Amino acid sequence: MNRFSSRTEKHLPKNFYNIKADLEELPKPKLHPGTGQPLKPEELEPIFPKGLVLQETETSRDVPIPEEVLKSFSVYRPTPLIYASGLKEALETPARIFYKYEGAGPCGSHKSNTALMQAYLASREGVEILATETGAGQWGSALAHAGSVFGLQIKVFMVRASFRQKPGRRIMMELFGASVVESPSPLTRSGGKYYEADPDHPGSLGIAISEAVETAVSSRGAKYSLGSVLDAVLLHQTVIGLEAEAQLSEMGAKPDVVIGCVGGGSNFAGISFPFVGRKLRQGTDIRFIAVEPEACPTLTRGELRYDHGDSVGLTPLLFMHTLGMDFVPSPIHAGGLRYHGMAPLVSHLVDQGIVEPRAYGQDHVFQAARLFLKAEGILPAPESAHAVAAVIEESLKAKETGRETVILFNLSGHGFLDISAYDGNGRKTPG
């Protein structure tokens, strides 16, 4: 098969896929941060728009995508599914490798899929401001764009390490009209204690979440928006896997392995959940691999227990794999994966043995990204490069066995705004 990209409007789904409809047992419920009792949906409404709260508790398998959101999606979706003939040739592997290229989105990553949906829901309820956090800036950029589409003000607390490493993302957010603040900042009580102790504190997603939540609950007309972890966010991202399923079918292929990087879990869930659902319903033989950084090994070394999603304790307690709410990872370039916790649904699938977690070091990941750039002509985001590293590993295993393994992975974003991260990195070729 020569290099081929499948992208036609018929592949754009009209519904999101809700994996909770196919799980025999659901993850443990969220707990109220004050009482420790199971959280009632209405108790989330001071933080989130009501529409998002309803989707967080949704149990139907198919959740309709509103026409206004479909219209916004259709500008860039369906994203291409590309047959990686260049990578296959470079590795001399019998594996057939396909990747969903989410870098084709408006801001270069998968984050727009949930940003547009959340901004739409907020705008319907008269919300004026959405406060949020961002690591590497993909989520902040996507929400800034979505805010401009649906007429909302966006305030972003950007983790300091990434704020300084990735000025291009800050510029993009500001071009869309968003306000961007280095986190931890002196503007909130949550961030102030870290800022006063160390004005150069590298920050973490947990701290930035605390600042954004505090801003949302203390500002009139404001709500909080989250780019990963929540059930509803993972729901929105399933457009990726649903499209991939239709596109692969058109190409006459079925995946043996599905791979994605994981920080909070949204892009991995997006590519994998529709296929996990098929496995749960029909018993299909598919492996699922979630790849995280060794510097923030939530799934491979964290505990499965209740913990706060932020660093101060403002958010509900989630039953998830966690390194602890106080964990501050080193300032690696994969800023979107520097999160102490993991989506409860992804954690649940790991606990069930359905998803296999792996952790790689930054040098190894950057080597994989360099090979991919040479073979496919696309520079992966440092986050997505973790998935690429696993793809290479699985392709070389197929080479050893001679098996024509079909590998599907999510290239969740391009690295063109992360180019400085690669300066001096990834000069060796894996293999």
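Cut-offs and rules
- Residues numbered from 1 in each chain as written.
- Predicted model: local features only at pLDDT ≥ 70, side-chain atom pairs only at ≥ 80, totals over all residues.
- Heavy atoms only, no water.
- Core = buried A, V, L, I, M, F, W, Y, C linked by side-chain atoms within 4.5 Å.
- Buried < 20%, exposed > 50% of the residue type's maximum accessible area, 1.4 Å probe, protein only.
- Helix = DSSP H or I, 4+ residues; strand = E, 2+ residues; numbered from the N terminus.
- Contact = heavy atoms within 4.5 Å.
- Expected span 1.5 Å × (residues − 1).
- Polar contact = N/O pair within 3.5 Å; in protein donor to acceptor, adjacent residues only side chain to side chain.
- 1 Å grid on protein atoms, 1.4 Å probe; cavity = no way out; pocket = protein on both sides within 12 Å on 5 of 7 lines; lining within 4 Å.
- Points joined across faces, edges and corners; volume = space filled by probe spheres on them.
- Nonpolar A, V, L, I, M, F, W, Y, C, P; charged D, E, K, R; others polar.

**Q** Honestly, the nonpolar core in this entry has me stumped. Any pointers?
**A** Soluble globular proteins tend to pack their nonpolar side chains together in the buried interior. Counting 92 residues, the largest nonpolar core has Phe48, Phe73, Phe98, Tyr224, Phe273, Phe288 and Leu408 as the members making the most contacts within it. At seven residues, helix H4 (residues 112-124) tops the list of elements feeding residues into this core. Discounting residues that sit within four places of it in the chain, phenylalanine 48 has contacts with Val53, Lys223, Tyr224, Leu226 and Leu230. Counting residues in each nonpolar core, the second largest holds 34 residues, with Ile259, Ala368, Leu379 and Leu411 among its members.

**Q** Would you mind showing me how to read H4 here?
**A** For the α-helix, the turn length of 3.6 residues means that residues three or four positions removed from each other point alike. The end-to-end C-alpha separation of H4 is 18 Å, in line with the 18 Å expected for 13 residues at 1.5 Å each. Buried residues dominate H4, accounting for eleven of its 13 residues. What H4 keeps buried is the set Ser112, Asn113, Thr114, Ala115, Leu116, Met117, Gln118, Ala119, Tyr120, Leu121 and Ala122. Phi turns positive, to about 80°, at glycine 126, one or two residues after H4.

**Q** What exactly am I supposed to notice about the side chain of threonine 93 here?
**A** Within the secondary structure, threonine 93 sits in the loop between helix H3 (85-91) and strand S5 (96-101). Engagement of the side chain of threonine 93 in a polar contact is seen with the backbone nitrogen of alanine 95, the distance being 3.1 Å. Leaving out residues up to four positions away in the same chain, threonine 93 has contacts with Lys88, Ser395, Ala398 and Lys399.

**Q** Mind showing me how you'd approach the layout of surface pockets here?
**A** The gaps of empty space that remain are located by a probe, the size of a water molecule, rolled over the atoms. The volume enclosed by the largest pocket comes to roughly 380 Å³. For the lining of the largest pocket, the secondary structure elements donating two or more residues are strand S13 (317-322) and helix H14 (344-351). Classifying every residue of the lining of the largest pocket by side-chain character gives eleven nonpolar, two polar and six charged. As a volume, the second largest pocket reaches approximately 260 Å³. Ala253, Lys254, Pro255, Phe275 and Arg278 are the residues nearest the centre of the second largest pocket, which is lined by 14 residues in total. Mapped onto the lining of the second largest pocket, the elements with two or more residues apiece are helix H11 (239-251) and helix H12 (266-282).

Take it as geometry only, folks, not as evidence of what the structure does.
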